[in-house]
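For reference, the chains in residue letters:
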Amino acid sequence: MPHLVIDFSANLADFPEAQILKDVNAALCTSPEIKDEADVKSRTHRITHFEIGAQPENRGFVHAQLRLLSGRSPEAKNDLAERIAAVLRKHTPRPEGMMVQLSVEILDMDRGSYVKERL
Amino acid sequence: MPHLVIDFSANLADFPEAQILKDVNAALCTSPEIKDEADVKSRTHRITHFEIGAQPENRGFVHAQLRLLSGRSPEAKNDLAERIAAVLRKHTPRPEGMMVQLSVEILDMDRGSYVKERL
Amino acid sequence: MPHLVIDFSANLADFPEAQILKDVNAALCTSPEIKDEADVKSRTHRITHFEIGAQPENRGFVHAQLRLLSGRSPEAKNDLAERIAAVLRKHTPRPEGMMVQLSVEILDMDRGSYVKERL
């Protein structure tokens, strides 16, 4: 059930999308919170139109949103966020002269109305 | 006010975006929860960079997120989720040898701060 | 920390993405809620596949989602939503014969599990 969406600004040239997707799924699938590895559905999204703050500094960002069924403990959420952050920290390019921000967000999904099936 | 975003993995070739958008809006607009049909704003989003789980199996997914102003009953949310699932179940391609996952998520939007107008 | 995502339907030709991003960041960065202007990460997203309601009328939309760390007062959320709406109201094209909807949504992000750093 977890859905992971990783946005990254297009000025992070050579952002290794395939590598990051593989590594982040591997990191999530070994968590005790994930019962079935096939449930982890991750995507990267290259952002071509963006603006960071209000100063002319050269800036980029990578942001991950993980959506989980509600009911996880704060400790479990922290652990999952840190697993994602570790992969992004490792693989995100740091272009010369660019300030790059990294963030990870966990969002609860309503468990009662969630539909899930295999076709 | 409802916002519907349908993500689908790009390996679901011939995913009928226009048909699904028409059918899902028709299904939502007949719900007693929807006061004005023009409020239903739906989009499909073809996902080219994705990874499902940590096994080499051939896999695809379709995931719908419906965002609604807060305050709906659990029954109303279940009904809306099932209307969406029914359309996706009907129209999603099932490529030979691919495991395809379908999911639907309902997310509350904060009613107090929501802005809505016609220009 | 704020993340702003502005979806607009592709039939709003000449939607001024760069201008709107600049103006909306300027409007947000002068809010007392924003401690560091560099935190505001905004993007526009042109939606090519969409359907609005169930009638054949010519329709378009622009929708902004602002995601903030939880804990803001209702008044602060209203003020931020209105800052965004004012920019969109000013710059969104109004094509002849098209009904254009504008909406702004504020979504809380879980503060406890949020990860944020500069690389």
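Look a little higher up for the structure.
Residues numbered from 1 in each chain as written. Chains lettered and ligands numbered in written order. Predicted model: local features only at pLDDT ≥ 70, side-chain atom pairs only at ≥ 80, totals over all residues. Heavy atoms only, no water.

**As for the interface of chain C and chain B**
Logical step 1: Of the residues lining the interface, 30 residues belong to chain C; the matching set on chain B comes to 28 residues.
Logical step 2: When the two sides are added together, the surface that chain C and chain B hide from each other amounts to roughly 2,500 Å², 54% of it contributed by carbon and sulfur.
Logical step 3: In this assembly, chain C and chain B are joined by five salt bridges.
Logical step 4: Between C:Glu105 and B:Arg67 there is a salt bridge; the shortest N-O distance is 3.0 Å. (Contact = heavy atoms within 4.5 Å. Buried area = accessible area lost by both parts, 1.4 Å probe. Salt bridge = Lys/Arg side-chain N within 4 Å of Asp/Glu carboxyl O.)

**Regarding the relation of the copies chain C and chain B**
Logical step 1: Between chain C and chain B, the superposition needs a rotation of 120° and an axial shift of 0.0 Å, giving an RMSD of 0.0 Å. Between the two chains, the operation in question is that of a three-fold axis. Every residue of chain C has its C-alpha some distance from the rotation axis, and the shortest such distance is that of C:Leu107, at 5.7 Å. (Least-squares fit on C-alpha atoms with pLDDT ≥ 70 in both.)

**Quick look at the relation of the copies chain B and chain A**
Logical step 1: The transformation that overlays chain B on chain A combines an axial shift of 0.0 Å with a rotation of 120°, and the residual RMSD is 0.0 Å.
Logical step 2: With a heterologous cut-off of 20% or less, the 7% of interface residues of chain B that recur at the interface of chain A puts this contact in the heterologous class.

**Overview of unusual backbone geometry**
Negative phi is the rule for most residues except glycine; trans is the rule for most peptide bonds.
Residue and element names in this part refer to chain A.
Logical step 1: Of note, Asp-14 is a non-glycine position whose phi angle comes to about 65°, a positive value.
Logical step 2: Of note, Asp-14 is situated in the loop between β1 (3-9) and α1 (17-29).
Logical step 3: For Asp-14, a relative accessible area of 73% corresponds to the exposed category. (Helix = DSSP H or I, 4+ residues; strand = E, 2+ residues; numbered from the N terminus. Buried < 20%, exposed > 50% of the residue type's maximum accessible area, 1.4 Å probe, protein only.)

**Remarks on the sheet that holds strand β5 (residues 99-109) of chain B**
Logical step 1: Taking strand neighbours across the sheet as the criterion, the six strands line up as β6(A)-β5(B)-β4(B)-β1(B)-β2(B)-β3(C) in an open arrangement whose pairing is mixed. Lying at the two open borders of the sheet, with one neighbouring strand each, are β6 (115-118) of chain A together with β3 (50-52) of chain C. This sheet shows a mean twist of 10° between the axes of neighbouring strands, independent of strand direction.
Logical step 2: As paired strands, strand β1 (residues 3-9) of chain B and strand β4 (residues 59-69) of chain B are joined by six bridges and run antiparallel to one another. (Pairing = 2+ DSSP bridges. Axes fitted to C-alpha atoms, helices over the stretch in contact; angles between N-to-C directions.)

**Re the packing of helix α1 (residues 17-29) of chain B against helix α2 (residues 74-91) of chain B**
Residues and elements named next belong to chain B.
Logical step 1: Look at α1 against α2: their axes get within 9 Å of each other, and the N-to-C directions meet at 150°. One way to sum up the angle between α1 and α2 is to call them roughly antiparallel. With respect to the hand of their crossing, α1 and α2 are arranged in right-handed fashion. Contact residues: Gln-19, Ile-20, Asp-23, Val-24, Ala-27 and Leu-28 in α1; Leu-80, Arg-83, Ile-84, Val-87, Leu-88 and His-91 in α2. (Parallel < 35°, antiparallel > 145°, perpendicular 65-115°, else oblique. Left-handed = near helix turned anticlockwise from the far one by under 90°.)

**Quick word on empty space enclosed by the protein**
Logical step 1: The final tally for this structure, using the stated rule, is one cavity of 30 Å³ or more.
Logical step 2: Along its surface, the largest cavity is lined by A:Lys41, A:Lys116, A:Glu117, A:Arg118, B:Gln101, B:Leu102 and B:Ser103.
Logical step 3: Looking at the lining of the largest cavity, the elements with two or more residues in it are β6 of chain A together with β5 of chain B.
Logical step 4: By residue class, the composition of the lining of the largest cavity is one nonpolar, two polar and four charged. (1 Å grid on protein atoms, 1.4 Å probe; cavity = no way out; pocket = protein on both sides within 12 Å on 5 of 7 lines; lining within 4 Å. Points joined across faces, edges and corners; volume = space filled by probe spheres on them. Nonpolar A, V, L, I, M, F, W, Y, C, P; charged D, E, K, R; others polar.)

**Comments concerning helix α1 (residues 17-29) of chain C**
Logical step 1: The end-to-end C-alpha separation of α1(C) is 18 Å, in line with the 18 Å expected for 13 residues at 1.5 Å each.
Logical step 2: Taken together, the buried positions of α1(C) are C:Glu17, C:Ile20, C:Leu21, C:Val24, C:Asn25, C:Ala27, C:Leu28 and C:Cys29.
Logical step 3: Considering only its buried residues, α1(C) is in contact with β3 (50-52) of chain A together with β1 (3-9), β2 (41-47), β4 (59-69) and α2 (74-91) of chain C. (Expected span 1.5 Å × (residues − 1).)

**Some details on the sheet that holds strand β4 (residues 59-69) of chain A**
Logical step 1: In spatial order, the strands read β3(B)-β2(A)-β1(A)-β4(A)-β5(A)-β6(C); together these six strands make up an open sheet with mixed pairing. In this open sheet, the two strands that pair with only one neighbour each are β3 (50-52) of chain B together with β6 (115-118) of chain C. Mean inter-strand twist for the sheet, computed between neighbouring axes without regard to direction, equals 10°.
Logical step 2: For strand β5 (residues 99-109) of chain A and β6(C), the ladder comprises four bridges, and the chain directions are antiparallel.

**Overview of the layout of surface pockets**
Where empty space is left becomes clear once a probe the size of a water molecule has been rolled over the atoms.
Logical step 1: A volume near 1,000 Å³ is recorded for the largest pocket.
Logical step 2: Surrounding the largest pocket, 42 residues form its lining, A:Val5, A:Asp7, A:His45, B:His45 and C:His45 being those nearest its centre.
Logical step 3: Residue classes in the lining of the largest pocket are distributed as nine nonpolar, 18 polar and 15 charged.

**Looking at the environment of A:Arg83**
Residues and elements named next belong to chain A.
Logical step 1: Secondary-structure assignment places Arg-83 in helix α2 (residues 74-91).
Logical step 2: In sequence terms Arg-83 and Val-104 are 21 residues apart; their C-alpha atoms lie 9.9 Å from each other.
Logical step 3: Ignoring any residue separated from it by four or fewer positions in sequence, one finds Arg-83 in contact with Ala-27, Thr-30, Ser-31 and Pro-32.

**Here we look at the pairing of β1(A)**
Consecutive residues of a regular strand have side chains that alternate between opposite faces of the sheet.
Residues and elements named next belong to chain A.
Logical step 1: Summarising burial for β1: seven of the seven residues are buried, a large majority.
Logical step 2: Taking every second residue as pointing to the same face, both faces of β1 are buried, with His-3, Val-5, Asp-7 and Ser-9 on one and Leu-4, Ile-6 and Phe-8 on the other.
Logical step 3: As judged from the seven bridges shared by β1 and strand β2 (residues 41-47), these two strands associate in the parallel manner. Note that in β2 the partner of Val-5 across the bridge is Arg-43.
Logical step 4: You can see the chain leave β1, run along α1 and come back into β2, and the turn it takes is right-handed. (Right-handed = clockwise from strand over helix to strand, strands pointing away.)

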